[in-house]
Amino acid sequence: MPTQQTSVIVGGGLAGAKAAETLREEGFDGRMVIVAAEPERPYERPPLSKEYLRGEAGREKVYVHEEAYYADHDIELRLGRSAVDLDPEGRRLTLDDGEAIAYDRLLLTTGAEPRRLPIPGADLDGVLLLRTVADSDALRARLDAGGSAVVVGAGWIGSEVAASARQRGLEVTVVEPLSVPLERVLGPEVGAVYRDIHADHGVRMLTGTGVEAFEGDGAVERVRTTDGQELACDFVVVGVGVEPRTRLAEQAGIATGNGVLVDEHLQTDAPGVFAAGDVANARHPLYAERLRVEHWANALHQGPVAARAMLGGRDSYDLVPYFFSDQYDVGMEYAGYAPDWDRVVFRGDPATREFIAFWLSGDRVLAGMNVNVWDVSDTIQALIRARVPVDDGRLADPDVPLEELGPAGG
Ligand SMILES: Cc1cc2nc3c(=O)[nH]c(=O)nc-3n(C[C@H](O)[C@H](O)[C@H](O)COP(=O)(O)OP(=O)(O)OC[C@H]3O[C@@H](n4cnc5c(N)ncnc54)[C@H](O)[C@@H]3O)c2cc1C
């Protein structure tokens, strides 16, 4: 009988890499294996639509750890290998080459994959998705070649790709069925700010229309929209959201539903199996419901919480959701969770592109976004967490320090 414990991490993204780091930091001295379908050691994805895509940052910038880190910490990397079968009762994981690994604790960090559009021409050459560094390399080659691009979907990925392509001098048309970019998260008022930013940079923004087909002889040559327009292009980038990769968990009989269902300690309903990052739909103590967050900070912080849970810790993951985006010279941070709100209050004029927007329900702040205003996100997060009543006038007044609106100042 082996006396050494084995921890296995399925998925070599940010959540998996940070979990591995924490396991060692917290003193886990057993066997550790990361199974990663991509041929790269764990890396971070945000640069793939920004500086890496534009060729302003090299490959070394994206990795979570130096190459030697894994050997130095006795972490076995199985790169380019997929886990295909998980048996939680027998505590056994099988890889695509038949290798079986017995484990004591297993963490699912299988992430998410881009949705494809189920329309004619979706498989034509030049219809691109963006998730991996290989995808970003392929897209960068298209940017290098120049010409014109159609971006389908003005969510975060689509908006950032449109910005990067414009910055590289391409002609860019964005097709978005909603009325403004990023409408689902930001709503019409703040989404309009982003519409204007793109328009100012020369992006042709076709909102309120969808895509019916991609057409071309072997390679995409044009996009046909649902309102009958034909858009000639050299390539297309589809950014219409992602789906959590739950197949392994589902096949193992682990509870899923918009991701792998986990409690606030990131534990699944299968003993010894945990989940973190984009794939985890985790009970959130602050909101008393499950949230699945598809953002960098969530992967960064959930990985360590899951690792501590694997070692028997009882930390809860209760951070206010947070993400950032950079488009042209406009940087932003958004914190909070606002599925519905009744009004938006601005501190500063959105037209100057240096402002804070707050989403409120009743007299509580649900979310806040600082645009080209820095070092305020922690204070905004404290305000959201405190759930104290706030006055719209004081919230909007730049002379009232945000700290005064929070729990201590209120
Ligand atoms: C282009 C791009 C830009 C982004 N920009 C931002 C940003 O500006 N701000 C922000 O907050 N967030 C951003 N994000 C989101 C952020 O990158 C993700 O939230 C984060 O990558 C999630 O990390 P993860 O480890 O949970 O999953 P992932 O990064 O998806 O990693 C999961 C890994 O698991 C592997 N895997 C899956 N199934 C298996 C299996 N069965 N066996 C073995 N391996 C498997 C996958 O191949 C993948 O490598 C961006 C994402 C992309 C794609």
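Quick caveat, the model's predicted, so the values are computed rather than measured.

## Digging into the overall build of the chain
Broken down by element type, the chain carries 10 helices and 26 strands. For 410 residues, the compact-globule formula gives about 22 Å, and the C-alpha radius of gyration of the chain, at 22 Å, lands near that figure. When its C-alpha atoms are laid out on the principal axes, the chain stretches across 65 × 65 × 35 Å. For the chain, restricting intrachain contacts to residue pairs at least 6 apart in sequence, the fraction spanning at least 24 positions comes to 60%. Accessible surface, the chain: about 17300 Å² in total, of which carbon and sulfur atoms supply 46%. Side-chain charges of the chain comprise 40 positive and 68 negative groups, with the mean position of each set lying 3 Å from the other.

## A closer look at the side chain of Gln302
Along the chain, the position of Gln302 falls in helix H7 (residues 296-310). Residue Gln302 is classed as buried on the basis of its relative accessible area of 2%. A polar contact is formed between the side chain of Gln302 and the backbone nitrogen of Gly277, at a distance of 2.8 Å. Excluding its chain neighbours within four sequence positions, the residues that come into contact with Gln302 are Leu266, Ala276, Gly277, Ala280, Ala282 and Tyr317.

## A word on the packing of helix H1 (residues 14-25) against H7
Their axes nearest at 7 Å, the elements H1 and H7 cross at an angle of 40°. Classified by the angle between their axes, H1 and H7 sit oblique to one another. Of the two possible hands of crossing, H1 and H7 adopt the one that is right-handed. For the pair H1 and H7, contact is made by Leu14, Ala15, Lys18, Ala19, Thr22 and Leu23 and by Trp296, Ala299, Leu300, Gly303, Pro304, Ala307, Arg308 and Met310, respectively. For the contact of H1 with H7, the class distribution of residues is 10 nonpolar, two polar and two charged.

## Things to note about the nonpolar core
Buried together is how nonpolar side chains tend to be arranged in soluble globular proteins. If you look at the biggest cluster of nonpolar residues, it comprises 50 residues, and the most contacted ones within it are Val8, Leu86, Leu93, Leu106, Leu108 and Ile254. At seven residues, the largest contribution of residues to this core is made by H7. When residues no more than four places from it in sequence are discounted, the contact partners of Leu86 are Arg92, Leu93, Tyr103, Leu106, Leu108, Leu248, Gln251, Ala252 and Ile254. If you look at the next biggest cluster of nonpolar residues, it comprises 45 residues, including Ala149, Val151, Met205 and Tyr334.

## Re unusual backbone geometry
In this model, Asp375 sits at a positive phi of 65°, which is unusual for a non-glycine residue. In this fold, Asp375 is placed in the loop between strand S26 (364-371) and helix H8 (377-386). Notably, Arg387 is not glycine yet its phi reads approximately 55°, a positive angle. The residue Arg387 is located in the loop between H8 and helix H9 (392-396) in this model.

## Quick word on the site of the ligand
Taken together, 35 residues are adjacent to the ligand, and Glu38, Arg45, Lys50, Arg131 and Asp278 come closest. In this structure, a nitrogen atom belonging to the ligand sits 2.9 Å away from a main-chain N or O atom of Ala83. At 2.7 Å from an oxygen atom of the ligand is found a side-chain nitrogen or oxygen belonging to Arg131. When isolated, the ligand has an accessible area of 1000 Å², and the protein chains bury 94% of it.

## Concerning the pattern of salt bridges
Using the criterion set out here, one finds 31 salt bridges in the structure. Close ionic contact of Lys18 with Glu21 constitutes a salt bridge, the shortest N to O distance being 3.1 Å. Within this pair, Lys18 and its partner Glu21 are both found in helix H1, separated by three residues, close to a single helical turn. The class of Lys18 is buried, set by a relative accessible area of 17%. On the basis of relative accessibility, which here comes to 15%, the residue Glu21 falls in the buried class. Arg41 is paired through a salt bridge with Glu60; the nearest N and O atoms lie 3.5 Å apart. Taken as a pair, Arg41 in the loop between strand S2 (31-36) and helix H2 (68-72) and Glu60 in the loop between S2 and H2 lie far apart in primary sequence, 19 residues in all. Each of Arg31, Glu76, Arg78, Arg81, Asp96, Asp97 and Glu99 takes part in salt bridges that share partners, so that together they form one network.

## A few points about helix H3 (residues 133-145)
Residues spaced three or four apart along an α-helix face the same direction, because each turn holds 3.6 residues. Its 13 residues give H3 an end-to-end C-alpha distance of 18 Å, which sits within 8% of 18 Å, the value for a rise of 1.5 Å per residue. When H3 is considered as a whole, its buried residues turn out to be Val133, Ser136, Leu139 and Leu143. Buried residues of H3, seen end-on, are gathered within an arc of 115° and therefore sit on one face of the element. What points out from H3, more than 90 degrees from its buried face, is the exposed set Asp144 and Ala145.

Rules behind the numbers
Residues numbered from 1 in each chain as written. Predicted model: local features only at pLDDT ≥ 70, side-chain atom pairs only at ≥ 80, totals over all residues. Heavy atoms only, no water. Helix = DSSP H or I, 4+ residues; strand = E, 2+ residues; numbered from the N terminus. Rg over C-alpha atoms; globule rule 2.2 N^0.38 Å. Contact = heavy atoms within 4.5 Å. Areas by Shrake-Rupley, 256 points an atom, 1.4 Å probe, with all protein chains shown as cover. Lys, Arg positive; Asp, Glu negative; His and termini not counted. Charge placed at Lys NZ, Arg CZ, Asp CG, Glu CD. Buried < 20%, exposed > 50% of the residue type's maximum accessible area, 1.4 Å probe, protein only. Polar contact = N/O pair within 3.5 Å; in protein donor to acceptor, adjacent residues only side chain to side chain. Axes fitted to C-alpha atoms, helices over the stretch in contact; angles between N-to-C directions. Parallel < 35°, antiparallel > 145°, perpendicular 65-115°, else oblique. Left-handed = near helix turned anticlockwise from the far one by under 90°. Nonpolar A, V, L, I, M, F, W, Y, C, P; charged D, E, K, R; others polar. Core = buried A, V, L, I, M, F, W, Y, C linked by side-chain atoms within 4.5 Å. Near = heavy atom within 4 Å. Salt bridge = Lys/Arg side-chain N within 4 Å of Asp/Glu carboxyl O. Expected span 1.5 Å × (residues − 1). Arc of directions from axis to C-beta.

By themselves, these are just geometric observations and shouldn't be taken as functional.
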